[in-house]
Amino acid sequence: MKLKTTIFTSLLFFFITFQPLSSQEVTEPKKAEFKDHVIAIGEMTAINLFLYDLNTLFLESNPPEVSFDIFLNNLKTPWVWDFSSFKRNQFFHPYIGASYFNAGRANNLNFIQSFLLATAGSFMWEAYLEGPVISLNDFITTPLDGAILGEILHRLYFPTYDLCKPLSWLLSPMDALNEFLRGQTSYRPEGKIYSMDISVNSGFNSSYFSFASSLSDYSSWYFPSLGFALNIVYENPYGHKTKEAMDQFTFKTGTYGAPSYGLLFMNCDTTLYSVPYFTDSESTKNSLGISMDYDVLKSTDINLSLSSLGFTDKHLFDFGTSSLGTNLEINFIYLSLCDNYFLLKEDPDITKSATQPLYTYKLGAGAKINLEFKSQKFNLFSDLSLEYLFTYPGSAKDQKFTSDAFITTLNTGAEYKIYKNYYLGLNNFLYIKNDMNKKDEISSVFQVSDFVSLYFKYYFD
């Protein structure tokens, strides 16, 4: 029997679910009750029904048929790596996963319970509502990266709610909807924003790539660009002691746009668990922990996404007028989408299907070191990241593109205070990626993107 719904049916789920609830402010830790679990599951279901309705009415001319027989058949059919767009797979699916996850967090479920709810929501969508086959990469990305993004948005919701309630709806709709319908907020987790700034910038962009083979190089030099960036550090990452899962993270996002080039990035570097060591001195703080990261970068000619779990060792050296922060990570990359843009688009010798995306899926290991230098005396800063990505043999979906990659990111500049928390600065954002293919018949690719910008920044107290 086919499932036929409307958006009104999905909305009805919400209102019926919330009828028996009382209105009181929740500020103390609260263990989720049975009804909280039921409400969270109802909200997760309503999200999926709403998405199905949205696809049926507006996005797809021929939506997939839905029935219990098709669901059973999907369970018997091998799961596949899908060919959807990079933005859909790496931005949309994690955001929906965050909505599943926050349906749990907004109803006082803990991190693990909310992750299991996101996993159930992803399985329901992939196996029952989307069809006709289950996407393995979506099933991985939606709950895992959704949990990372969801916990970040859930924790940022509360200070945003205090500052500007309408903005909190945009940040975490599930937290806002629960607060609106229940007349109460969920348990406010421990922790607070350590530092936060937002900036707008204007400058110039250049990009360059070259092949190790005889293919022609390409470059575009210094086109005008505009952009913005948001940087949030939640709890001091150095010398941090975990009280709750993922109670320390760094969230960075931004975009740069030029007439012939565009770039969008999002870095979610979180600490699942962390303990300090040798932190007796005020000038030195150290911590060792388990990290869970989700980094994604989409530009005109770069498609890169890394989802990883690993160990992190952080150090802060304070010299009075300057400081140096270091972070060393050793990661298991449980899903990587590495671009082959130029190979697939420019190399006529590579055989590819019409549906081949400009990326391929991989599993691997990674090592990353990050150095963050600040000089208060000279108003200088420099943030350098060096990362090596190793691909496990045989793990690449398309074996033609079995490659390792070395990535360098450098953001450096100077800024000056002009009034209270307002600063004016000049910076250079440089991204270098060397994709080293292991197959002799496939060329390695060297890519560079460079943005030189004058920016206006505001630091939040």
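From a predicted model like this one, the values you see are computed outputs, not experimental measurements.

1. Considerations on the packing of helix α4 (residues 86-105) against helix α6 (residues 136-163)
When two helices pack together, their arrangement is given by the angle between the helix axes and the distance between those axes.
Moving on, step 1. The N-to-C vectors of α4 and α6 enclose an angle of 60°; their axes lie 6 Å apart at closest approach. Between α4 and α6, the angle falls in the class oblique. The hand of the α4/α6 crossing is right-handed.
Moving on, step 2. Here the residues of the contact of α4 with α6 sort into eight nonpolar, eleven polar and five charged.

2. Brief notes about the side chain of Asp404
Moving on, step 1. For Asp404, the location among the structural elements is in strand β10 (residues 403-419).
Moving on, step 2. Here the side chain of Asp404 touches Thr391 through a polar contact of 3.0 Å, landing on its backbone nitrogen.

3. With respect to α6
Moving on, step 1. For α6, with 28 residues, the first-to-last C-alpha span of 40 Å sits near the 40 Å given by 1.5 Å per residue.
Moving on, step 2. Of all the bends in α6, the greatest, near 35°, is centred on Ala147.
Moving on, step 3. Within α6, 23 of the 28 residues are buried, which leaves it mostly tucked inside the rest of the structure.

4. Looking at the pattern of salt bridges
Moving on, step 1. Evaluation of the coordinates by the stated rule reveals eleven salt bridges.
Moving on, step 2. The partner of Glu190 in a salt bridge is Lys243, and the shortest N-O contact between them spans 3.8 Å. Separated by 53 residues along the polypeptide, Glu190 in the loop between α8 (173-182) and β1 (193-211) and Lys243 in the loop between β2 (218-234) and β3 (248-258) bring together distant segments of the chain.
Moving on, step 3. Where salt bridges share partners, they join Arg105, Glu151, Arg155 and Glu244 into one cluster.

5. Quick look at the pairing of strand β5 (residues 284-299)
Moving on, step 1. Summarising the sheet, strand β4 (residues 261-276) and β5 pair through 13 bridges and their orientation is antiparallel. Opposite Met266, over in β5, you have Val296 as the bridge partner.
Moving on, step 2. Looking at chain direction, β5 and strand β6 (residues 303-318) are connected through 15 bridges and run antiparallel. Across the sheet, the residue bridging to Lys285 is Leu316, located in β6.
Moving on, step 3. Taking the residues between adjacent antiparallel strands as the criterion, β5 and β6 are bridged by three residues.

6. So, a nonpolar patch on the surface
Moving on, step 1. A cluster of nonpolar side chains, namely Leu163, Ile198, Val200, Phe228, Ile418, Tyr419, Tyr422, Leu424, Leu426, Leu454, Phe456 and Phe460, defines an oily patch on the protein surface of about 1100 Å² accessible area.
Moving on, step 2. Put simply, the parts of the chain that give the nonpolar patch at least two residues each are β1, β10, β11 (422-437) and β12 (445-459).
Moving on, step 3. A per-element tally of the nonpolar patch places β11 first, with three residues.
Moving on, step 4. Take Leu426: it is sitting in strand β11.
Moving on, step 5. A residue is classified by how much of its surface remains accessible, and Leu426, at 48% relative accessible area, is partly exposed.

Cut-offs used in this document
- Residues numbered from 1 in each chain as written.
- Predicted model: local features only at pLDDT ≥ 70, side-chain atom pairs only at ≥ 80, totals over all residues.
- Heavy atoms only, no water.
- Axes fitted to C-alpha atoms, helices over the stretch in contact; angles between N-to-C directions.
- Helix = DSSP H or I, 4+ residues; strand = E, 2+ residues; numbered from the N terminus.
- Parallel < 35°, antiparallel > 145°, perpendicular 65-115°, else oblique.
- Left-handed = near helix turned anticlockwise from the far one by under 90°.
- Nonpolar A, V, L, I, M, F, W, Y, C, P; charged D, E, K, R; others polar.
- Polar contact = N/O pair within 3.5 Å; in protein donor to acceptor, adjacent residues only side chain to side chain.
- Expected span 1.5 Å × (residues − 1).
- Bend = angle between axes of the 7 residues up to and from the residue.
- Buried < 20%, exposed > 50% of the residue type's maximum accessible area, 1.4 Å probe, protein only.
- Salt bridge = Lys/Arg side-chain N within 4 Å of Asp/Glu carboxyl O.
- Pairing = 2+ DSSP bridges.
- Patch = residues over 30% accessible without salt bridge, like charges linked within 9 Å, V, L, I, M, F, W, Y side chains within 5 Å.
- Areas by Shrake-Rupley, 256 points an atom, 1.4 Å probe, with all protein chains shown as cover.

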